[in-house]
Amino acid sequence: MKSIHLLHPALAWVIALLASAPVQAQQICSSASNPVAFGLYDPQSSAHLDNTGNITVTCQATVSLLIGYTVKLSAGSSGAYASRKMLSGANSLNYQVYTDSARTSVWGDGSSSTGFIADGYLLQVLTPVVKSYTVYGRVPGSQNAKAGSYLDTLTVLITY
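Here goes a summary of the coordinates provided. Computed from a predicted model, the values in this text were never measured in an experiment.

Structural notes on the pairing of strand β5 (residues 85-88)
Piece 1. Side chains of β5 alternate between two faces, with Met86 and Ser88 buried and Lys85 and Leu87 left unburied.
Piece 2. Alignment of β5 against strand β6 (residues 91-94), held across four bridges, turns out to be antiparallel. Across the sheet, the residue bridging to Leu87 is Ser92, located in β6.

Okay, here's the thing in structure tokens:
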């Protein structure tokens, strides 16, 4: 004679709930960054000036399972991803930031052929998840730039 084992109804409900949808409780993600500092630029050089910075994302949840998030960047003061500019008064210096070390994927919000970081983690209980993403920056060579301190500010948007 064969015996049949049935799951307790409450246990079956918990298993069905976990299998059907991601579970999340009080998820909070934040970011911090170390800016891309390009250093001295020589307008007479045709060489690109490359450097890196990073964005660190910290997610804290009481209990989380299958958490996904995106890391997007704004266009900066130029308002356009294709032509980011650092400013020094009325003077500007073109630059770009990328998601990859080959500097082929412009880091943006997914519009205008830009890319962004899509990441996540599987399971975490009571401890924060910290991930760091490198920002690859480039100032193209041979720009007719005047001496000055050039700056732009990009906003980091974490969506989870």
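Observations concerning the nonpolar core
Piece 1. In terms of nonpolar packing, the biggest core is built from 26 residues, with Val57, Val71, Trp107 and Val139 touching the most fellow members.
Piece 2. Taken together, the elements giving at least two residues each to this core come down to β3 (49-60), β4 (63-73), β8 (117-125) and β9 (129-139).
Piece 3. With residues near it in sequence (within four places) discarded, Val139 still touches Phe38, Tyr41, His48, Leu49, Met86, Leu93, Asn94 and Tyr95.

Concerning the side chain of Thr70
Piece 1. Position of Thr70 relative to the elements: it lies in strand β4.
Piece 2. In this structure Thr70 comes out as buried when scored by relative accessible area, which is 16%.
Piece 3. Excluding residues that lie within four positions of it along the chain, Thr70 makes contacts with Phe116, Ile117, Ala118, Leu157, Ile158 and Thr159.

Criteria and cut-off values
- Residues numbered from 1 in each chain as written.
- Predicted model: local features only at pLDDT ≥ 70, side-chain atom pairs only at ≥ 80, totals over all residues.
- Heavy atoms only, no water.
- Buried < 20%, exposed > 50% of the residue type's maximum accessible area, 1.4 Å probe, protein only.
- Helix = DSSP H or I, 4+ residues; strand = E, 2+ residues; numbered from the N terminus.
- Pairing = 2+ DSSP bridges.
- Core = buried A, V, L, I, M, F, W, Y, C linked by side-chain atoms within 4.5 Å.
- Contact = heavy atoms within 4.5 Å.

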